[in-house]
Amino acid sequence: MPQEILLSVKDLRTDFYSSKTSFVTAIQDVSFDIYRGEILGLVGESGCGKSVTSLSIMQLLKDTPGKIANGSAVLDGVNLIGASDAVIRDIRGGKMSMIFQEPMSALNPAMRIDKQMIETICLHQDLSKEQALAHAAEMLKKVGIPDPSRILKNYPHQLSGGMSQRVMIAMALSNDPKLLIADEPTTALDVTIQAQILDLMKKLQKEANSSILLITHDLGVVAEMCTRVIVMYAGKIVEMAPVEKLFANPSHPYTQGLIASVPKLGSGVKVLPSIPGSVPDLASMPSGCRFAPRCKYATDQCRTQEPQLVEIAKDQKCRCWLTQGE
Ligand SMILES: Nc1ncnc2c1ncn2[C@@H]1O[C@H](COP(=O)(O)OP(=O)(O)OP(=O)(O)O)[C@@H](O)[C@H]1O
Ligand code: SF4
Ligand SMILES: [Mg+2]
């Protein structure tokens, strides 16, 4: 059965302005599809553009010096890039919602949790306040909050980091989104709760046949949760593949480095190889392949000509001269 595309992102580019005329490009040439019912992973080192990609898709750059310079992101036939505020308001929190890296930034500090949740629910579902409150309590229960009625009466500052993360997840899932963008959804939580929340997200995703874009540093989480993975480096996609393929046969030297840095259970290896060097500065990107300064296979061609992201096998794309010849 052919897979149905839910979100199609094409040639997305976002710039950050330090003055009217001076800017750096944080992400570029970002193109990918999310299929209905899949969990797509997005991985890469800190600063590679994972959050900027998700904020650009969600149209959440307004309070930043960021501007989308190019591209489209079509969700169920609607291009989100450049859509009116009214269209975005209708979609965000309903058909598409997001869990942030930083829970406090998603919660309104001046509003009690019950009011925030009721507002979100009533904006997208035809329910009375009482029904919305009951639904809010049910969602809090689902994310493992034992006493929802107490938490609902709290303001965000009265909650611990883990608790506010769970409230945010409950809120994001409360309108059965078709697409959930989860940016490091469990980083702030301890390992046991992290596993519980991931299990829950997977369960809810399966029940509703919804899709998740899961942004994480943790390749273990990717292996556990995702169907396909995108690897980003310095603002661009360098590899895209089904999970099993990516782990069994990583093609890009950067992906190989990332996978080699993951501890293998029971291997007894204490010191893991890390990728030498660091991510280049946005203001001074190397010419040619952006990974060349850190790549042990770099040639003169790599240092002068930039490879494109091309299909190298069925469902697998890679941006590296090694995999595509001249
Ligand atoms: N508000 C902003 N103003 C200026 N530059 C920004 C802003 N937000 C992000 N950037 C820049 O865009 C680049 C990509 O950042 P982004 O937050 O997307 O990285 P990330 O992959 O999410 O990293 P992390 O894993 O640490 O969350 C970085 O170089 C960052 O400095
Ligand atoms: S293009 Fe060259 S420098 Fe870049 S990852 Fe491939 S081999 Fe390394
Ligand atoms: Mg981020």
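The coordinates are above.
For the structure given in this document, a descriptive report is provided here.

**As for the overall build of the protein chain**
Moving on, step 1. Helix and strand content of the protein chain: twelve helices and twelve strands.
Moving on, step 2. Computed over the C-alpha atoms, the radius of gyration of the protein chain is 21 Å, within 12% of the 20 Å expected from 2.2 N^0.38 for a compact globule of 326 residues.
Moving on, step 3. Over its C-alpha atoms, taken along the principal directions, the protein chain stretches across nearly 65 × 55 × 45 Å.
Moving on, step 4. Expressed as a percentage of its 326 residues, the buried residues of the protein chain come to 49%.
Moving on, step 5. Sequence-distant contacts in the protein chain: of pairs separated by 6 or more residues, those separated by 24 or more amount to 63%.

**Some remarks on the pairing of strand β3 (residues 39-43)**
Moving on, step 1. In terms of burial, β3 is a largely internal element, five of the five residues being buried.
Moving on, step 2. Across the two faces of β3 the burial is the same, with Ile39, Gly41 and Val43 and Leu40 and Leu42 all buried.
Moving on, step 3. In the sheet, β3 pairs with strand β8 (residues 211-215) via four bridges, with the strands oriented parallel. Bridge pairing in β8 links Ile39 to Ile212.

**Brief notes about the pattern of salt bridges**
Moving on, step 1. Per the stated rule, a full pass over the model turns up 15 salt bridges.
Moving on, step 2. A salt bridge links Asp114 to Arg112, with the nearest nitrogen and oxygen atoms 2.5 Å apart.
Moving on, step 3. Overall, Asp114 belongs to the buried group, its relative accessible area being 12%.
Moving on, step 4. Residue classification places Arg112 among the partly exposed positions, given a relative accessible area of 31%.
Moving on, step 5. One salt bridge in this structure joins Lys203 and Glu207, with 3.6 Å as the shortest N-O distance.

**Focus on the sheet that holds strand β2 (residues 23-35)**
Moving on, step 1. Within the open sheet, the four strands sit side by side as β2-β1-β4-β5. Their pairing is antiparallel. Among the strands making up the open sheet, the edge pair consists of β2 and β5 (78-79).
Moving on, step 2. With nine bridges joining them, strand β1 (residues 5-17) and β2 adopt antiparallel strand pairing. Counted as the bridge partner of Thr14 is Ile27 from β2.
Moving on, step 3. Across the sheet, helix α1 (residues 50-57) touches β1, β2 and β4 (66-75), and the angle it forms with β1 is around 110 degrees.

**A word on the sheet that holds β3**
Moving on, step 1. Read from one edge of the open sheet, eight strands run β6-β7-β8-β3-β9-β10-β12-β11, paired in mixed fashion. In this open sheet, the two edge strands, each paired with only one partner strand, are β6 (96-99) and β11 (310-313). The mean inter-strand angle of the sheet, taken between neighbouring strand axes irrespective of direction, is 25 degrees.
Moving on, step 2. Relative to strand β7 (residues 179-183), α1 is tilted by about 150 degrees, and along the sheet it contacts β3, β6, β7, β8 and β9 (228-233).
Moving on, step 3. Against the sheet, helix α8 (residues 191-208) contacts β3, β6, β7 and β8, and its axis sits at roughly 155 degrees relative to β8.

**So, the site of ligand 1**
Moving on, step 1. Surrounding ligand 1, one finds 15 residues, the nearest of these being Ser46, Gly47, Lys50, Ser51 and Val52.
Moving on, step 2. Within the backbone of Gly49, one N or O atom sits 3.1 Å away from an oxygen atom of ligand 1.
Moving on, step 3. Between ligand 1 and the protein, one listed contact pairs an oxygen atom with a side-chain N or O atom of His217 at 3.1 Å.
Moving on, step 4. Starting from 630 Å² of accessible surface for ligand 1 in isolation, the protein chains cover 67%.
Moving on, step 5. Its residues assigned to classes, the shell around ligand 1 comprises six nonpolar, seven polar and two charged.

Calculation criteria
- Residues numbered from 1 in each chain as written.
- Chains lettered and ligands numbered in written order.
- Predicted model: local features only at pLDDT ≥ 70, side-chain atom pairs only at ≥ 80, totals over all residues.
- Heavy atoms only, no water.
- Helix = DSSP H or I, 4+ residues; strand = E, 2+ residues; numbered from the N terminus.
- Rg over C-alpha atoms; globule rule 2.2 N^0.38 Å.
- Buried < 20%, exposed > 50% of the residue type's maximum accessible area, 1.4 Å probe, protein only.
- Contact = heavy atoms within 4.5 Å.
- Pairing = 2+ DSSP bridges.
- Salt bridge = Lys/Arg side-chain N within 4 Å of Asp/Glu carboxyl O.
- Axes fitted to C-alpha atoms, helices over the stretch in contact; angles between N-to-C directions.
- Near = heavy atom within 4 Å.
- Polar contact = N/O pair within 3.5 Å; in protein donor to acceptor, adjacent residues only side chain to side chain.
- Areas by Shrake-Rupley, 256 points an atom, 1.4 Å probe, with all protein chains shown as cover.
- Nonpolar A, V, L, I, M, F, W, Y, C, P; charged D, E, K, R; others polar.

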